[in-house]
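One letter stands for each residue in the lines below.
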Amino acid sequence: MLDRLKFINPLFILTVIAPTLVAIVYFGLLANDVYISESRFVVRSPSGGGASPLTAVLGQAGFGGGGGGSAGAEGNGTISEYIMSRRALEDADEGGFVRKAYTDSNIFFVDRFGTFLGESKEQLYQYFLGKVVVNESTSGQVMTLSVSAYDPAQAQEINLRLLIQSETLVNSLSERSRDDTLSLAQAQVDEATDKARRARLELAQYRGAERIVDPEQEALVGLQMVGKLQDQLIAAKTQLRQLQTYTPQASQIPFLKTEIRQIEEEIEQTRTSLTGGRGSLSSAMARYQELRVNSEFAEQQLAIALASLQDAQAEARRKLTYVERISDPSLPDFAQEPRRIRSIVATLILGLLTWGILSMLMIGVREHRD
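What you are looking at is a predicted structure, and each value in this text was computed from that prediction instead of being measured. (Residues numbered from 1 in each chain as written. Predicted model: local features only at pLDDT ≥ 70, side-chain atom pairs only at ≥ 80, totals over all residues. Heavy atoms only, no water.)

Focus: the overall build of the chain
Okay, so step 1: Secondary structure assignment for the chain yields 12 helices and four strands.
Okay, so step 2: Contacts in the chain between residues at least 24 apart in sequence constitute 76% of all its contacts with a sequence separation of at least 6.
Okay, so step 3: Counting every atom, the chain has about 22900 Å² of accessible surface; 56% of that belongs to carbon and sulfur. (Helix = DSSP H or I, 4+ residues; strand = E, 2+ residues; numbered from the N terminus. Contact = heavy atoms within 4.5 Å. Areas by Shrake-Rupley, 256 points an atom, 1.4 Å probe, with all protein chains shown as cover.)

Set out below in structure tokens:
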């Protein structure tokens, strides 16, 4: 037996036999079974940013087109980034669950966390990245979360924790965006309401201080009164002219002259109250119109703000994003990894290829020297 081994090429032993024996020992006897728990979910929004579970499944299988909007795509990206983040590991490792799952003494030391990398949080994170995979379907809608562990129940629990935390994150971001949008719109409504209230109050105070309700109506009444007085003045002057012409000694003439003077004085007083100085009705009308325009403008701004608030509420409902599960984390009943026979055969084939390439190189070197 030893004589036969002497004729075996040492290079063949080093590149083929030794790696294959190591692979047989490791994959056949030492490597632990690896269980993979999978869950599938889709990010949805009422505006159609996501897809229904049935549509998502059909789309992934190739029976339906896309239809997921930007909301779903953004949600998928957010969840992917979160699951592969340090925060996700901290959330899933509550109570040290993740660390215990990968540091169990029953795990072969080569696969166990802490054997080569150390046991810091950063090193656990780097180890954790190799155990979690997030894939997005070709339709860009369905997300698949896969978690590998050495115990099926632990793989399922880690997957469930990550999925629950992802749902919480999406809900939190959606609620925050909704609250920000509504709070801004509500602040505009509150500001417009306050301005409208102050404008109405200023107008009411001005009416009370000037003891007028509507200067325009009062001016119209004053003008009508001036018109009536002018009619009376014309009638009195006409009558006086007739008496002076036909009966100059009539006793009514002095009375008519007195009446005419009184009417003229009354007309002058009425005109002065309408168009006179600072206390006139025309002056009050200018200030009143200014206050009324301000009040009407404030009411219009309030109506616009209320309409904007309704639009913001509708938009917030349309943009409400949430995670809907297609399948809960599975509890694997068989180990998908390691693929023992395939790994051993792959090691053998790779060793043979390496041996063949190195042998050709060595032959070429010898021929070159000769």
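As for the environment of Gln 289
Okay, so step 1: Here Gln 289 shows up in helix α11 (residues 281-318).
Okay, so step 2: Along the backbone, Gln 289 and Leu 203 are 86 residues apart, and their C-alpha atoms lie at a distance of 9.5 Å.

Some words on the nonpolar core
Okay, so step 1: Of all hydrophobic cores here, the largest spans 32 residues; its most connected members are Ile 83, Tyr 102, Leu 145, Ile 158 and Leu 162.
Okay, so step 2: Put simply, the parts of the chain that give this core at least two residues each are β1 (35-44), α4 (70-83), α5 (86-92), α6 (97-102), α7 (121-129), β2 (132-136), β3 (142-149) and α8 (152-210).
Okay, so step 3: Ranked by the residues each element gives to this core, the list is headed by α8, at six residues.
Okay, so step 4: With near-sequence residues (within four places) excluded, Leu 145 lies in contact with Ser 37, Glu 38, Ser 39, Phe 41, Ile 83, Val 132, Val 133, Val 134, Asn 159, Leu 162 and Leu 163.
Okay, so step 5: Of all hydrophobic cores here, the second largest spans 12 residues; its members include Ala 192, Ala 298, Leu 309 and Ala 316. (Core = buried A, V, L, I, M, F, W, Y, C linked by side-chain atoms within 4.5 Å. Buried < 20%, exposed > 50% of the residue type's maximum accessible area, 1.4 Å probe, protein only.)

Brief notes about α7
Okay, so step 1: Residues of α7 that are buried include every one of Leu 124, Tyr 125, Tyr 127 and Phe 128, and no others. All buried residues of α7 project into a common sector of 165° when viewed along the axis, lining one side. (Arc of directions from axis to C-beta.)

What about a nonpolar patch on the surface?
Okay, so step 1: A cluster of nonpolar side chains, namely Ile 341, Val 345, Ile 349 and Leu 353, defines an oily patch on the protein surface of about 400 Å² accessible area.
Okay, so step 2: Among the secondary structure elements, Val 345 is positioned in helix α12 (residues 340-369).
Okay, so step 3: Of the residues examined, Val 345 reaches a relative accessible area of 40% and is grouped as partly exposed. (Patch = residues over 30% accessible without salt bridge, like charges linked within 9 Å, V, L, I, M, F, W, Y side chains within 5 Å. Salt bridge = Lys/Arg side-chain N within 4 Å of Asp/Glu carboxyl O.)

Concerning the environment of Pro 338
Okay, so step 1: Within the element layout of this structure, Pro 338 appears in the loop between β4 (322-327) and α12.
Okay, so step 2: Linking Pro 338 and Tyr 35, residues 303 residues apart in sequence, is a C-alpha distance of 9.3 Å.
Okay, so step 3: Residues contacting Pro 338, with those up to four places away along its chain left out, are Phe 27, Ala 31, Asn 32, Asp 33 and Val 34.

So, the side chain of Ser 148
Okay, so step 1: By secondary structure assignment, the location of Ser 148 is in strand β3.
Okay, so step 2: With near-sequence residues (within four places) excluded, Ser 148 lies in contact with Val 34, Tyr 35, Ile 36, Tyr 102 and Lys 131.

Considerations on the sheet that holds β3
Okay, so step 1: As summarised here, the arrangement of the four strands in space is β2-β3-β1-β4, forming an open sheet in which the pairing is antiparallel. One side of each edge strand has no neighbouring strand; the edge strands of this open sheet are β2 and β4. Direction aside, the axes of adjacent strands within the sheet are offset by 30° on average.
Okay, so step 2: In this sheet, β4 lies alongside β1 in antiparallel orientation, the contact comprising five bridges. Among the inter-strand pairings, Val 42 is bridged to a residue of β4, identified as Glu 324. (Pairing = 2+ DSSP bridges. Axes fitted to C-alpha atoms, helices over the stretch in contact; angles between N-to-C directions.)

Some thoughts on the pattern of salt bridges
Okay, so step 1: Taken as a whole and assessed by the stated rule, the structure comprises nine salt bridges.
Okay, so step 2: Taking the shortest distance from any N to any O, the salt bridge between Glu 191 and Lys 195 comes out at 3.5 Å. Residue Glu 191 and its partner Lys 195 are located together in helix α8, separated by four residues, close to a single helical turn.
Okay, so step 3: Look at Glu 191 and you get partly exposed, because its relative accessible area is 46%.
Okay, so step 4: Across the salt bridge formed by Arg 197 and Asp 194, the nearest N and O atoms sit 2.9 Å from each other. Placement of both Arg 197 and Asp 194 in helix α8 is noted, with a separation of three residues, approximately one turn of the helix.
Okay, so step 5: Each member of the salt-bridge network shares a partner with another, and the members are Glu 167, Arg 325 and Asp 328.

Some thoughts on the pairing of β1
Okay, so step 1: Counting buried positions along β1 yields seven of 10 residues, so the element is predominantly enclosed.
Okay, so step 2: Alignment of β1 against β3, held across eight bridges, turns out to be antiparallel. Within β3, the position partnered with Val 42 by the bridge is Val 142.

Side note on the packing of aromatic side chains
Okay, so step 1: Inspection of the entire model under this criterion finds three aromatic pairs.
Okay, so step 2: Aromatic side chains Tyr 102 and Tyr 127 sit 5.3 Å apart centroid to centroid with 65° between the ring planes, which places their arrangement in the edge-to-face category. Of the two residues, Tyr 102 is situated in helix α6 and Tyr 127 in helix α7; the sequence distance between them amounts to 25 residues.
Okay, so step 3: For Tyr 127, a relative accessible area of 11% gives the class buried.
Okay, so step 4: Taken together, a centroid distance of 6.4 Å and an interplanar angle of 85° make the contact between Tyr 102 and Tyr 150 edge-to-face. Of this pair, Tyr 102 sits in helix α6 while Tyr 150 sits in the loop between β3 and α8, and the two are 48 residues apart along the sequence. (Phe/Tyr/Trp six-rings, centres within 6.5 Å; stacked < 30°, edge-to-face > 60°.)

Regarding the environment of Val 132
Okay, so step 1: Within the fold, Val 132 resides in strand β2.
Okay, so step 2: Given the relative accessible area of 2%, Val 132 is considered buried.
Okay, so step 3: Sequence separation between Val 132 and Ser 37 is 95 residues, and the spatial gap between their C-alpha atoms is 9.9 Å.
Okay, so step 4: Not counting the four nearest positions on each side in its chain, Val 132 is found in contact with Ile 83, Met 84, Leu 145, Ser 146, Val 147 and Leu 162.

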